[in-house]
Amino acid sequence: MRNAEQDAASDVARDLVVIFTEDADWHTRTLCRALEREGLRVLVLSLNDCGFAIGETPHGLLLPGLDGRLPAAAFVRVIAKGTTEQITMRLGVLHALRELGVMVMNDARAIERCVDKSMTSFLVARAGLPTPRTFVREAAAAMQALIDAAPGDTVLKPLFGAQGKGLRRIAPRQPLPEPEKVGGVYYLQEFVEGRRQDGLFQDWRVFVVGGRAVAAMVRRSERWITNIHQGAAGEPAPLDGPAADIAIAATAAVGADYAGVDLIEEATGGFTVLEVNSMPAWKGLQKTTATDVAAAMARHLVDCLHPVSVA
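Residues numbered from 1 in each chain as written. Predicted model: local features only at pLDDT ≥ 70, side-chain atom pairs only at ≥ 80, totals over all residues. Heavy atoms only, no water.

## A few points about the overall build of the chain
In terms of helices and strands, the chain carries 9 helices and 15 strands. Here the C-alpha atoms of the chain give a radius of gyration of 21 Å, agreeing with the 19 Å that 2.2 N^0.38 yields for 311 residues. Taking contacts inside the chain between residues at least 6 apart in sequence as the whole, the part at least 24 apart equals 65%. Approximately 14,500 Å² of the chain is accessible, and the part contributed by carbon and sulfur atoms is 52%. For the chain, the distance from the average site of its 33 positive side-chain charges to the average site of its 37 negative ones is 3 Å. (Helix = DSSP H or I, 4+ residues; strand = E, 2+ residues; numbered from the N terminus. Rg over C-alpha atoms; globule rule 2.2 N^0.38 Å. Contact = heavy atoms within 4.5 Å. Areas by Shrake-Rupley, 256 points an atom, 1.4 Å probe, with all protein chains shown as cover. Lys, Arg positive; Asp, Glu negative; His and termini not counted. Charge placed at Lys NZ, Arg CZ, Asp CG, Glu CD.)

Structure follows, in structure tokens:
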């Protein structure tokens, strides 16, 4: 006689991959095509529409469009903004999928580590990788004292943020914004004066998939914020050498299957990790390099797929 575990394990759509996102944008469409070329079917879902149905479905999750079945794998492209309760529930669904044996890229653990920049910095430093001096606290007076005593500029970043939005460069003794302007937490990182070319600021974006650097570019801008979405221009960069090696190690440090790693090349020639992004965009990188980034991600998922089991 079949038991409940066997029944649940059999209810797996073994050729179906879910992409969790909020918009069928260029990234989603490109990834869909890449997965389909690998012989997989794709279902696009919003985590907002998912949830738990314990005692109702064989696996205890509510996944619209799957008729009570589990997907073989899932890509997490976007998690929408929401309340603490909403974000906790959406991450809970991702945690549950992993517990059920579904291959999730990136899984909730990696996303939590990267969305929280303080944890990213901690894990990167703990892995012995170069990263700027970083201070994160709620105490406004204590953080202002650090600014007042700093020998040079400091970068104030949103604890949760992407694409260079909300960054501020704070000079010594410059007043910090009020706590409500920064969500009650100050994330301060020492400003690193990177190597310049033709007077332009520059940094590196290395895209890592499955422990391998698959694409890289140098981003240059007249402004110190060098994100492509902020108007920087990119050009292809080597996929071997110290930048790629450090990016691969930083991705491993946060436990991600794939990541966009931002590094800055210091005047001395060494590289320093600025950020690790677990839900990175790659349109700018795709335009800059010859690499089919989505194809590399789809191929890695196929290589990692394994039978789903229910604990």
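## Concerning the sheet that holds strand S13 (residues 233-236)
Across the sheet, 5 strands lie side by side as S13-S12-S11-S14-S15; this open sheet has antiparallel pairing. The open sheet terminates on both sides in strands that have one partner only, identified here as S13 and strand S15 (271-277). For this sheet, the mean inter-axis angle between neighbouring strands, taken without regard to orientation, is 30°. Direction of pairing for strand S12 (residues 212-221) relative to S13: antiparallel, over a ladder of 4 bridges. Paired with Met217 across the bridge in S13 is Pro236. (Pairing = 2+ DSSP bridges. Axes fitted to C-alpha atoms, helices over the stretch in contact; angles between N-to-C directions.)

## Concerning the environment of Leu97
Locating Leu97 in the fold gives a position in helix H3 (residues 84-99). Each C-alpha atom of the pair Leu97 and Val276 lies 23 Å from the other, and the pair is 179 residues apart in sequence. Sequence-distant contacts of Leu97, defined by excluding residues within four places in its chain, comprise Phe20, Leu61, Leu63, Leu70, Pro71, Val102 and Val104.

## Some remarks on the pattern of salt bridges
Pairing between side chains of opposite charge can happen when their charged atoms approach one another. Going through the model one piece at a time under the given rule, you end up with 15 salt bridges. In this structure, the salt-bridge partner of Asp262 is Arg205, at a minimum N-O distance of 2.6 Å. Of this pair, Asp262 sits in strand S14 (residues 258-265) while Arg205 sits in strand S11 (residues 201-209), and the two are 57 residues apart along the sequence. We classify Asp262 as buried; its relative accessible area is 6%. Owing to a relative accessible area of 9%, Arg205 belongs among the buried residues under this scheme. In the salt-bridge network here, residues are joined through shared partners; they are Arg98, Glu99, Asp107 and Arg109. (Salt bridge = Lys/Arg side-chain N within 4 Å of Asp/Glu carboxyl O. Buried < 20%, exposed > 50% of the residue type's maximum accessible area, 1.4 Å probe, protein only.)

## Some thoughts on the packing of aromatic side chains
Summed over all chains, the structure comprises 5 aromatic pairs. Judged by centre distance (6.3 Å) and plane angle (15°), the ring pair of Phe207 and Tyr258 falls under stacked. A residue pair is termed long-range when its members are at least 10 positions apart, and Phe207 in strand S11 and Tyr258 in strand S14 qualify at 51 residues. Phe207 gets classed as buried once you look at its relative accessible area, which sits at 0%. Chaining the aromatic ring pairs together yields one cluster made of Trp26, Phe75, Phe207, Tyr258 and Trp282. Positioned above the aromatic ring of Phe191 is the side chain of Arg169, whose terminal nitrogen or guanidinium carbon lies 3.8 Å from the ring centre. (Phe/Tyr/Trp six-rings, centres within 6.5 Å; stacked < 30°, edge-to-face > 60°. Lys NZ or Arg CZ within 6 Å of the ring centre and 35° of its normal.)

## Structural notes on helix H7 (residues 242-254)
When the terminal C-alpha atoms of H7 are compared, their 19 Å separation across 13 residues agrees well with the 18 Å that a helix rising 1.5 Å per residue should span. On the buried face of H7, the contacting elements are helix H4 (108-115), helix H5 (117-126), S11, S12, S14 and S15. Directly after H7, the chain includes Gly255, whose backbone phi takes a positive value near 75°. (Expected span 1.5 Å × (residues − 1).)

## A word on the pairing of strand S10 (residues 186-190)
S10 sits mainly inside the fold: 4 of its 5 residues count as buried. With 4 bridges joining them, strand S7 (residues 134-137) and S10 adopt antiparallel strand pairing. Bridging from a neighbouring strand, Val136 pairs with Tyr187 of S10.

## Some details on the sheet that holds strand S6 (residues 103-105)
The 4 strands are arranged S2-S1-S5-S6 in an open sheet whose pairing can be described as parallel. The open sheet has two free edges, formed respectively by strand S2 (41-45) and S6, since each of these has just one partner strand. Ignoring strand direction, the axes of neighbouring strands in this sheet form an average angle of 25°. With 3 bridges connecting them, strand S5 (residues 70-76) and S6 associate as parallel partners.

## Observations regarding the packing of helix H2 (residues 26-37) against helix H9 (residues 293-304)
The N-to-C vectors of H2 and H9 enclose an angle of 45°; their axes lie 8 Å apart at closest approach. Classified by the angle their axes make, H2 and H9 are oblique. In the crossing of H2 with H9, the sense of the turn from one axis to the other is right-handed. On H9, the residues touching Thr30, Leu31, Ala34, Leu35 and Arg37 of H2 are Ala294, Ala295, Met297 and Ala298. Here the contact of H2 with H9 is composed, by residue class, of 7 nonpolar, 1 polar and 1 charged. (Parallel < 35°, antiparallel > 145°, perpendicular 65-115°, else oblique. Left-handed = near helix turned anticlockwise from the far one by under 90°. Nonpolar A, V, L, I, M, F, W, Y, C, P; charged D, E, K, R; others polar.)

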